[in-house]
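Summary of the model geometry
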Amino acid sequence: GLGGLYGVANAIPLAASATPIPAPDLKTCGRATISDGLPLPPMTKLRIRSPAHAVDEEYIAKYNLATSRMKVLDKTEPLNPLGFKQQANIHCAYCNGGYLIGCKVLQVHNSWLFFPFHRWYLYFYERILGSLIDDPTFALPYWNWDHPKGMRLPPMFNCEGTSLYDKRRNPHVRNGTVLDLGSFGEKVETTELQLMSNNLALMYRQMVTNAPYPRKFFGKPYVLGSDVDNSGTIENIPHIPVHIWTGTVRDLDAPNGEPKYGEDMGNFYSAALDPVFYCHHSNVDRMWNEWKAIGGKKRRDLPDKDCKWKATGGKRTDITHKDWLNSEFFFYDENENPYRVKVRDCLDTKKMGYAYKPMATPWRNFKP
Ligand code: C2O
């Protein structure tokens, strides 16, 4: 199925071992050749990503302007790779079989490719937005759903008629409903306060208790063509519940009010058509930094029954396995230059030119 957000329909494990994932072969697309090792575009000043609920009017106006200019680029034929739709299509291509290597589908979800793919994806998206408003310091906001103040749809995405609005969201996002970070569509009746405290406890579990070493946090190795769910703690929860909460509508005519997995955020193929997607993933990306900041004791490699790969490095650090470090993705920068980028070059956000404005992380002391 196309959805992919709600579990894996055809889990066919392949006997192959993990290998570094190469960038797609673009010769078949007739595009320019990609020079290897092209240096990243120069950076000027650090871009600072701020919590979306706390930005000022000036920022909101800039972000709207940049997004609307990106949407204007969609009006030309053939589609501009920097346009909003083509940017959203990148996500679709990488999750629904758009890219074939050999004859196997490249999938960037459900494995250790999840964090680095989305980091690079946002990196280029942010640069394109900035260049459309001539602001080399422009930074995406982050949806601070791990903090009680950020557990609703950030208001800037809820202004009808603006470029950040998306009418295909679940109507409940419009009236200040509090997010349930643990829900895959079922609704639990509870107070807002209780829900927020459940969310903090859940964050503690996913960041601390359940993710003491890299394989748990990042997920297991990706095997080309495989559709097995090898996702890490945060990719599974709350990453997916936030998608579902935003994009899914309950069908009240169905017998038990069955959830209908709506367009845009509720489905992988369409998720990036909602501008809030990038704000959501900005916080997912921030969790990567936060997780490493927790640290922890060095542990011995733990043998894993399900896969031969062992958790290398121990404690809360990046994966040191070369197959991960050498995996590659492909993107266009703001000047339509094609880039082949490696996982090893996205481990330090400051080196990439951006950082997160610090926010308190109350979940860190939220032991159940
Ligand atoms: Cu590529 Cu939130 O999914």
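Along each chain, numbering runs from 1 in the same order as the chain's sequence is written. Only residues with pLDDT of at least 70 get local features here, since the model is predicted, and only at 80 or more are side-chain atom pairs given and counted; chain-wide, interface and lining totals rely on the full set of residues.

What tends to happen in soluble globular proteins is that the nonpolar side chains get buried as a cluster. Here a nonpolar core is just a set of buried residues of the types Ala, Val, Leu, Ile, Met, Phe, Trp, Tyr and Cys, joined wherever their C-beta atoms sit within 7 Å. Around each residue's C-beta, the other C-beta atoms within 10 Å are counted; 20 or more make the residue buried, 12 or fewer make it exposed, and counts in between make it partly exposed. All C-beta atoms are placed from the backbone. Judged by nonpolar contacts, the single largest core of 80 residues is most densely connected at Phe117, Trp120, Phe124 and Phe331. Looking at this core element by element, the count peaks at eleven residues for helix 3 (residues 114-132). Not counting residues up to four positions away in its chain, the partners in contact with Phe117 are Tyr94, Val108 and Phe329. In DSSP terms, a helix is any run of H or I states spanning at least four residues, a strand is any run of E spanning at least two, and both are numbered starting from the N terminus. Throughout, a residue-residue contact means that the two C-beta atoms, derived from backbone geometry, are no farther apart than 7 Å.

Our focus in this paragraph is the pairing of strand 6 (residues 328-332). Taken across its five residues, strand 6 has five buried, putting it largely inside the fold. Every second residue of strand 6 is oriented toward a common face, with Glu328, Phe330 and Tyr332 on one face and Phe329 and Phe331 on the other, all of them buried. By the convention used here, strands pair only if DSSP detects at least 2 bridges between them. In this structure, strand 6 lies alongside strand 7 (residues 338-342), joined through five bridges in antiparallel fashion. For Tyr332, the partnering residue across the bridge sits in strand 7 and is Pro338. Between strand 6 and strand 7, which pair antiparallel in sequence order, lie five residues; one of them, Glu336, sits at a positive phi of approximately 65°.

Moving on: helix 6 (residues 233-247). Helices are assigned an expected span. That span is 1.5 Å times one less than the residue count. In this model, helix 6 (15 residues) spans 21 Å end to end at C-alpha, consistent with the 21 Å of a helix rising 1.5 Å per residue. Two axes enter the definition of the bend at a residue: one is fitted to the seven residues ending there, the other to the seven starting there, and the bend is the angle between them. Largest kink in helix 6: about 30°, centred on His239, with the proline Pro241 one to four residues after it. A large share of helix 6 lies buried, amounting to 13 of its 15 residues.

Once that is clear, we can look at the UniProt feature "binding site: Cu cation A" (unreviewed entry) in the protein chain. UniProt positions are given in the numbering used here, feature names are shortened, and annotations may be inferred rather than shown by experiment. The UniProt entry lists His91, His109 and His118 under the feature "binding site: Cu cation A" (unreviewed entry), expressed in the numbering used here. These residues run over 28 residues, yet every pair of their C-alpha atoms falls within 10.3 Å of each other. Following the sequence through the fold, His91 ends up in helix 2 (residues 84-93). With sequence-adjacent residues up to four places away left out, His91 is seen in contact with Tyr121, Ala271 and Ala272. Mapped onto the elements of the fold, His118 is located in helix 3. Once residues within four sequence positions are removed from consideration, His118 is found in contact with His281, Val284 and Asp285.

Next up on the list: the UniProt feature "binding site: Cu cation B" (unreviewed entry) in the protein chain. Summarizing the sequence annotation, UniProt attributes the feature "binding site: Cu cation B" (unreviewed entry) to His239, His243 and His281 in the numbering used throughout. In terms of the greatest pairwise C-alpha distance, the residues named above, spread along 43 residues, form a tight cluster of at most 10.1 Å across. Here His239 is to be found in helix 6. Inspection of the secondary structure puts His281 in helix 7 (residues 276-294). Filtering out sequence-adjacent residues up to four positions away, His281 remains in contact with His118 and Leu122.

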